[in-house]
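# Topology and contacts: notes
The residues making up each chain are set out below.
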Amino acid sequence: AEPVLNTATPGNAQVSLSWSAVTGASGYKVYYGKASRTYNSPIDVGSAKTRIINNLTNGTKYYFAVVAYNAADQGVYSNELSATPVAVSAAPVLNTVTAGDKQVTLTWAAAAGAAGYKIYYGTSPALYGTPVSVGNTTTSTVTGLTNGMTYYFTVSATNTSGESARSNELS
């Protein structure tokens with residue numbers, strides 16, 4: 001029987017695959033290539049039902065399929081899924097932090113490839129609490145701060161491949 005390829009999740013120069021088990025299968029082979037149904041040599045992954053395909057080119061679309069096998073035979077290709085690996089975003093540049101009443105407004109330059117941003121801040125340089133995700137914007141206001149206290153801020157960019165390095169720090 002053919003497995004069902006459930007996910008093809010892009011990352012930085014990689015794609016993570018997962019598929020359903022096939023009754024009677026002793027193992028699986030992963031096929032992939034840069035054109036639909038045109039695959040490179042298979043990767044035998046044994047009885048695993050997940051695999052990360054590494055060393056892919058960011059920005060290039062890849063097509064994936066899985067085949068189940070046992071001692072008697074090899075099955076047919078699964079459904080095909082495609083994914084395009086994406087590089088981790090570049091680090092943003094924090095331009096300004098403007099103090100207000102119990103708040104600070106930050107602005108930063110957009111980072112190439114960013115789908116969102118995280119703000120890190122704390123009361124000591126380079127020591128931050130849990131980041132605040134702010135979506136795909138280049139301005140955000142952090143509220144609930146204590147007037148008269150110095151805060152240190154940095155920003156990172158995020159996308160499906162992960163999180164960038166942090167920006168410069170401003171206080």
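In the block above lies the structure referred to throughout.
Residues numbered from 1 in each chain as written. Predicted model: local features only at pLDDT ≥ 70, side-chain atom pairs only at ≥ 80, totals over all residues. Heavy atoms only, no water.

### Brief notes about the packing of aromatic side chains
Note the threshold: We call Phe, Tyr and Trp rings a pair once their centres come within 6.5 Å, taking the six-membered ring for Trp, and we label the pair stacked below 30 degrees between planes, edge-to-face above 60, and tilted otherwise. Each residue's exposure class comes from its accessible area (1.4 Å probe, protein chains only) as a fraction of the maximum for that residue type: buried when under 20%, exposed when over 50%, partly exposed otherwise. Working rule: Lys NZ or Arg CZ, within 6 Å of ring centre, within 35 degrees of ring normal, means a charge sits over the ring.
Summed over the entire model, instances satisfying the criterion amount to 11 aromatic pairs. Relative to Tyr 39, the ring of Tyr 31 has its centre 6.0 Å away and its plane inclined at 55 degrees; by these criteria the two rings are tilted. Of the two residues, Tyr 31 and Tyr 39, both sit in the buried class. Through successive ring pairs, a cluster of aromatic residues spans Tyr 31, Tyr 39 and Tyr 77. If you follow Lys 29 out to its NZ or CZ, it ends over the ring of Tyr 69, 5.4 Å from the centre. Lying over the aromatic face of Tyr 120, Arg 166 brings its terminal NZ or CZ to 3.7 Å of the ring centre.

### What to know about the pairing of strand β12 (residues 139-143)
As a reminder, the rule being used: In this description a helix means any DSSP run of H or I spanning at least four residues, a strand means any run of E spanning at least two, and both kinds are numbered starting from the N terminus. DSSP-based pairing: two strands are paired if at least 2 bridges between them are found.
Residue alternation in β12 divides its side chains into a buried set, Ser 140 and Val 142, and an unburied set, Thr 139, Thr 141 and Thr 143. Note that strand β9 (residues 103-109) and β12 share 5 bridges and pair antiparallel. Bridging from a neighbouring strand, Thr 107 pairs with Thr 139 of β12.

### Some thoughts on unusual backbone geometry
We note that Arg 37 has phi near 60 degrees; this positive angle belongs to a residue other than glycine. Structurally, the position occupied by Arg 37 is in the loop between β3 (27-33) and β4 (43-46). For Arg 37, a relative accessible area of 42% puts it in the partly exposed group. A positive phi angle, near 60 degrees, is found at Lys 102, a position not held by glycine. Locating Lys 102 in the fold gives a position in the loop between β8 (93-100) and β9.

### Topic: the side chain of Ser 78
Short version of the rule: Should any heavy atoms of two residues lie within 4.5 Å, those residues are counted as being in contact.
Along the chain, the position of Ser 78 falls in the loop between β6 (62-69) and β7 (81-83). For Ser 78, the residues in contact, after removing those within four places along its chain, are Glu 2, Pro 3, Leu 5, Arg 37, Ala 65 and Val 66.

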